[in-house]
Structure formats: C-alpha cells, structure tokens
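Inside the fold
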Amino acid sequence: MNTTTNSIFMIRAYLCIGIALALLFSITPPLQAHNGSAIRYVAVNGVDEGDCLDPERPCQTIRYAIDQADKGDEVVVSSGTYQFDPNEMALLLSDMVPVRGPQATEIGLEARGASDEPTYIIGPSFEYREQLAERNLTLIQDRKGLEIAQGGKERAAMNMMETVQPLTNCVSGMAGIFPCQGINFLSQIPLSQFSSNPSSANDIWGFVDLNDDREYALIGLHNGTAVVDVTDPLNPIEVGTIPGRDTMWRDVKVYQFFNDSEDQWNAYAYVTADNTVQGLQIIDLTNLPATISLAATYHTLASAHNVYMGNTDYTTGQALSGLTPYAYIAGANLDDGAFRILDLTAPAAPVEVTAPPIGSEYVHDATNFVLTDSRTAYCAPGHNPCELFIDFNEDTVDIWDVTDKAAPMMISSTSYPNAKYTHSGWWTEDKMFIFIQDELDEQDADLNTTLRTLDISDLTAPFLSNVWTGPTPAIDHNGFVKGDRYYMSNYRRGLTILDITDPNSPTEVAFFDTFPSPADNSANFNGAWGVYPYLPSGTILVSDIEGGLFLLKEKEAGPQPFTERKGYVWANNATSSSYAPSAQHSYNSSGGPNTITRSAVGSYRVRFAGLGGNGTSGGHVQVTAYGASRDFCKVAWWSSTTSDAVANVRCFTLAGDPVDTQYTVLFLWAE
C-alpha cells in the first residue's frame, strides 16, 4: 500500500470515529456536574442512600452528600442541626463542592423546615464562624453538643442517680454514693422525676421571692425550663415546667421588681435556647408558689447561647441601687453572635437599645459590674461611674465600656497561653480580678482542671497573674464568686469550691462529685453543667446533665441537721441479759438492729448497728432514766469509730447504788 492510500485510509478512520462520537454525545447529554448545575440536597429527616439529587428524597448527612457529588456540584443543607467532623473542615469549606444553607427561595426544602430558620453545624472550631456564616451556616462550636449527641452519656451513672438517697452528710469522703469533701447532700430531683421527663439537663439559676422569702431553682432541661420550690431543701417541689424546643443548650436569668400598682414584687425569668428556633422566652413568676406561665416570647432573635442580667442582685434579681437593669444577649443567630442589649422597662416586652457595635464578635458568655474608682479614667470621658461588660470571646477576654448604650467602647482584648476556648468567668468582689474558664484546654492541651486569674488593675492592659491547677483532668465550665469563695461546676468532678481570699493563690476547700460513675473524672462532657450559690439559706443548686437537680450545702455554711443519722431505744426490760427492743420502742436510721446487753446490776451496753463512723468519731449520746422511781442513769462511755455506735450506760439510786431500771438512749451523729 502506497503513501497516498495510507493517508486516505487514516482520514476515513478519523471521520468514522468523529461521527461515532458525535452520535454518542447527541444521545447522551453532558453530566450536570461538569457545568455546576447539580444540587445535592440534605435534610435532618433524610436518608443516606441514592444520589441526593431529588429535593423530595434528600440525604441525611453532609458528608454523605459530599461523597456523592462531582466537581462543581453544590450541597444545599436544609434548616436543622448537623454534626461535622472538625478534622474534615477542608471538605466543608471546599469551593470544588460548595456546601451552604438554603436561600429563602430554595425550591423543595420548605416542607422539611422553614428556609428562614438557621442551619446549625456542630463541631468545627470557632475560627471558621465567619466563613460558615457566608455560606448561610450557623456554627455551634460548643463541643459538648457533639460529644453528647454521639453518645457521651454514661448509662451507668444515669441509672445510679435515678435512685434518690435521703439527706446524707459527707463523712470519710463519701455522702452515700457521692465522693465529697466538706459538702453535704440535701436532696435531688433526677430527670425521671421532672414532669416533662427530659433526656438531659443544662444550666441553672435561682432567686428569692421578695413577697414571701421563698427560694426557687430554675433549671434548663432538654425540652423546657422547670421552676422548683427549694424553700425546704430536703423536699424540693416542682411548681411547673414551661415547654421549649428540644435543645441541649438553655440559659436562664431572673429580674424582680416592685409593682406599685399591684403593691407586690413581680418576677420574670428570661430563657435563651441555642441550636433551635425558639426566641427569648419570658416566664412570669409572679404567681409563685402556685403557678408559672409563659408571659411572652421575644422573636427578634431565633436563638441565642446565653442571657446575662446586668446591674442586678444575683440573690433576688432586683436592680442594684441607682442602676438600671438590662438583659445582655450573647451568641444569638444574628450578627455572628455579637452581644446586644435589651431594655426591660416593660419586662414582658423587651426593647433592643444596643445593636452589636462595630468590631464586636461572637460572645459565648458574659458578666458585668460598675466601677467608681480611679479606673473610670480608662472609660469614655464623663463615664463615672462606668458600667463594664466582660465579654468571653472564644479566644480572648474583652472589656467594654457600655455606660452609653448607644455607643459601647472596647477598652481592651486579652488572650493567654493555651487559649483553646474562652468560655466564661466571673469577677472578684473588689473588682480587681477576673477568673477565666476555658472549656477545651483540658482536652486539647492535655491539662488538669485549669482556672486562670486575670489582673484588671489596668483596664487597658490586663495580664494573667495566676494559673490554678486542679487535681484531676475534669473540665471546668461555669463559676461564680460569693465572698471569698469561687463555686465552679467541674463536669465529671461535680462541684468544686475554692478559697479565693488571695485571688492569685486559690486553694480547694470542698468538692461534691455529682457524677460518681465512672470515677475517672476525665475530660469529658458529663456531670455538673452549672452551679448557683447565692440563696440566703446557703443551699447550693447544681444542675447535672445526667443527674438533674442537686441541692447541696457546705458544712461551714451553718448548723447541720441531725435527722438522718440517729438511733433511739427505750430499754424497757431492766433485767434481761440481752434483747432487741421492739420496733415500737426503737429506731435506727441506718436500718440496722439495736441491741441491749446487761453485764451486771445497773450496767448495760446499747449497740446501734451501722450508725458508727467507720474510723471517724463523732456524734452525741443522751440517756435518761424512765419511770416513777427517782433512779438516774448516765453514759459511762461511748464510741462511734467502728461501723456501729456503742453506748455504755450506768444506772443508780439516789444513794448512788447500782440499780436495774428502765431508761431511754438517743444517739445523733454530729457531722
């Protein structure tokens, strides 16, 4: 075959191939993914199967939809809450397969959730908050949400805490099943005993009703907010629960004021909910102790992480003398979670007086106080007194002058070594220091419980003046100052109390482990979420994620009741060598038997089984002769260091001679 023939053959071959390809593409259109037109749909009630291309049959998880996508596709995620692995952020923020929340006009997703409601993402670092917001995705960085959602709860602890024990003093490091030091157990309402039967609990607050001095706990639950009468801390009573959208994050504060027209004090609770669309619930507490009701819901915001009541007394919720109360909203779904301030002149109809100022960022938690000393010079001109707002800003502590609600001014922004998630904190009563709670440093920096002290003697240049390290890796969460004590919820270790007489040298003085099993006190998100220490009675309120509401009391806080550890006998058989008095004539709070042994005329040994201190002495014994005769009895000696309490009794005539006679013995444990 010559060269010309070869060329003709090759041309014909190429023509045939070209015609075949043309026919192929005329029958099979190009894939949509290559021109960016394919959309993969995700919804919370979807199913991870198929290709996610049908908005009526969406997939359930973002990662599954990404795996189905081709270059140029989009993943549209309906409103709801989704977990995403923090280690796979490159996938979530990729421009090759963009992931975004739905637009208001998105077709097909409205039936699966209103398109104007947020799409929440749990897990990524706060550093990605703005990038996610640009994609119409709202970040919930609080890692406990991811851990709890993935099954971080410990069933053993939950089951254990469903059996409520009676009042139990802390003796030899234990209060019943709970490890302790210096704190007694008063009572508990486990989750199963709340009327709404919630799956978990979250934050806690309290107040004293100035109408009748009754004390109350307000506890956030997964499905609402419960109000509990704790006036009798041994017998707490749920007054009622205001239902709310399901969420593991709820926060509550109280405002109380005197209503001249009604000649009484009125009170309202303000409740935020994160990771759900609920708005700010306003609960009317005025009709306590009979009922509570939902007075209104502030719908300007869909969700918020926290609410702080500024310029109020933390015991009563009433405004501090000469100051105006305000509600500070932190971590709302608006403006990337920057703080906003509400006026409470009309308590059931708050009015926003401060929108997020320029330069403000997401606020996770906050506190405030008013300065009148020389440091007002650091505030805006003329601001004396100066109202300060302390903003825990995820990686910094920011101090704002908010005296002029129309023009807040940032004074300083301070970070610190190993800042993993600047969560919350509180100020010392001299207003010279702020304690900082970082929620993720125990996990991410492999630390034991770490509490930092920030010196704010110079508001423009705060500095870290001390770091306190606890005995276990348990995560610290929220803390509050009362006098020279710092009360800190410590997750798996429960409640920790520090003596902060010297803020630069805190020392632990007490703890109560509300999460006793497992006993590892590891850096996980179980156990004590919040603490409220401001009730005048000294009752300490603790909310436990798995255990519900705990009522505790420091031993040093006042006289302790004797009602739990006690024994009583009427020795009505004066001559029997050994016997156990009948149930009608004796009592033993441990459930053990009481026995009496006669060794000689007028000489008896009374044993209360199980009432001893197991190595710790303590208690009180009283004996009284019984009957018409003029005999008398006394305690010769007694012991409580073994498992049993034992009293040796001697009885005599008026002349001093030993005599067999009837008598009563009362034993009370003194701790």
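Rules used in this analysis
Residues numbered from 1 in each chain as written. Predicted model: local features only at pLDDT ≥ 70, side-chain atom pairs only at ≥ 80, totals over all residues. Heavy atoms only, no water. Helix = DSSP H or I, 4+ residues; strand = E, 2+ residues; numbered from the N terminus. Buried < 20%, exposed > 50% of the residue type's maximum accessible area, 1.4 Å probe, protein only. Contact = heavy atoms within 4.5 Å. Areas by Shrake-Rupley, 256 points an atom, 1.4 Å probe, with all protein chains shown as cover. Disulfide = S-S within 2.5 Å. Pairing = 2+ DSSP bridges. Core = buried A, V, L, I, M, F, W, Y, C linked by side-chain atoms within 4.5 Å. Salt bridge = Lys/Arg side-chain N within 4 Å of Asp/Glu carboxyl O.

Helices and strands together make up the secondary structure of the protein, namely 7 helices and 45 strands. For the protein, with 671 residues in total, the buried portion stands at 55%. Taking contacts inside the protein between residues at least 6 apart in sequence as the whole, the part at least 24 apart equals 56%. Summed over all atoms, the accessible surface of the protein reaches about 26900 Å², with 52% contributed by carbon and sulfur.

We now examine the state of the cysteines. This model, assessed by the stated rule, comprises 4 disulfides. The side chain of Cys 170 participates in a disulfide bridge whose partner is Cys 180; the two sulfur atoms lie 2.1 Å from each other. The disulfide joining Cys 170 to Cys 180 has a torsion of about 105 degrees about its S-S bond and is therefore right-handed. In this pair, Cys 170 sits in the loop between helix H6 (155-160) and strand S7 (174-175) while Cys 180 sits in strand S8 (residues 178-181), placing the two residues 10 residues apart along the sequence. Note on accessibility: Cys 170 and Cys 180 belong to one class, buried. Linked covalently through their sulfurs, Cys 379 and Cys 386 form a disulfide whose S-S length is 2.1 Å. As the torsion about the S-S bond is roughly -95 degrees, the Cys 379-Cys 386 disulfide counts as left-handed. Cys 386 matches Cys 379 in its accessibility class, with the two residues each being buried. Taken in N- to C-terminal order, the disulfide-linked cysteines of the protein are connected 1-2, 3-4, 5-6, 7-8.

The next subject is the pairing of strand S12 (residues 224-229). The element S12 is largely enclosed, with a buried count of 6 among its 6 residues. Taking every second residue as pointing to the same face, both faces of S12 are buried, with Gly 224, Ala 226 and Val 228 on one and Thr 225, Val 227 and Asp 229 on the other. As paired strands, strand S11 (residues 215-221) and S12 are joined by 6 bridges and run antiparallel to one another. Across the sheet, residue Tyr 216 finds its bridge partner in S12, namely Asp 229. The turn joining S11 and S12, which pair antiparallel and follow one another in sequence, is formed by 2 residues. Sheet analysis places S12 next to strand S13 (residues 237-243), joined by 6 bridges and oriented antiparallel. Each residue of the ladder has a partner; that of Ala 226, found in S13, is Thr 241.

Glancing now at the nonpolar core. Core analysis: the biggest nonpolar cluster contains 91 residues, and Leu 285 and Leu 388 have the highest contact counts within it. Discounting chain neighbours no more than four positions away, the residues touching Leu 285 are Phe 207, Leu 218, Val 227, Val 254, Ala 267, Tyr 268, Ala 269 and Ile 292. Core analysis: the next-biggest nonpolar cluster, separate from the first, contains 22 residues, Tyr 579, Ile 596, Val 623 and Trp 669 among them.

Oppositely charged side chains may form a pair once their charged atoms are brought near each other. A complete count under the given rule lists 20 salt bridges for this structure. Arg 100 is the partner of Glu 74 in a salt bridge, and the nearest nitrogen-oxygen pair spans 3.2 Å. In this pair, Glu 74 is assigned in strand S2 (residues 74-77) and Arg 100 in strand S4 (residues 99-100), connecting sequence segments 26 residues apart. Assessed through its relative accessible area of 24%, Glu 74 is described here as partly exposed. Judged by its relative accessible area of 16%, Arg 100 falls in the buried class. Measuring nitrogen to oxygen at the nearest pair gives 2.9 Å for the salt bridge that ties Arg 493 to Glu 508. Taken together, the positions of Arg 493 in the loop between strand S31 (485-489) and strand S32 (495-499) and Glu 508 in strand S33 (residues 507-512) put the pair 15 residues apart, joining distant regions of the chain. Judged by its relative accessible area of 23%, Glu 508 falls in the partly exposed class.

Read across the sheet, 5 strands follow the order S38-S40-S41-S44-S43 without closing on themselves; strand pairing throughout is antiparallel. If you trace the sheet from one side to the other, it starts and ends with strand S38 (578-579) and strand S43 (632-639), each paired once. As defined by bridge partners, strand S41 (residues 603-608) adjoins strand S44 (residues 645-652) across 6 bridges and the pair is classed as antiparallel. What sits directly across from Arg 605, in S44, is Asn 648.

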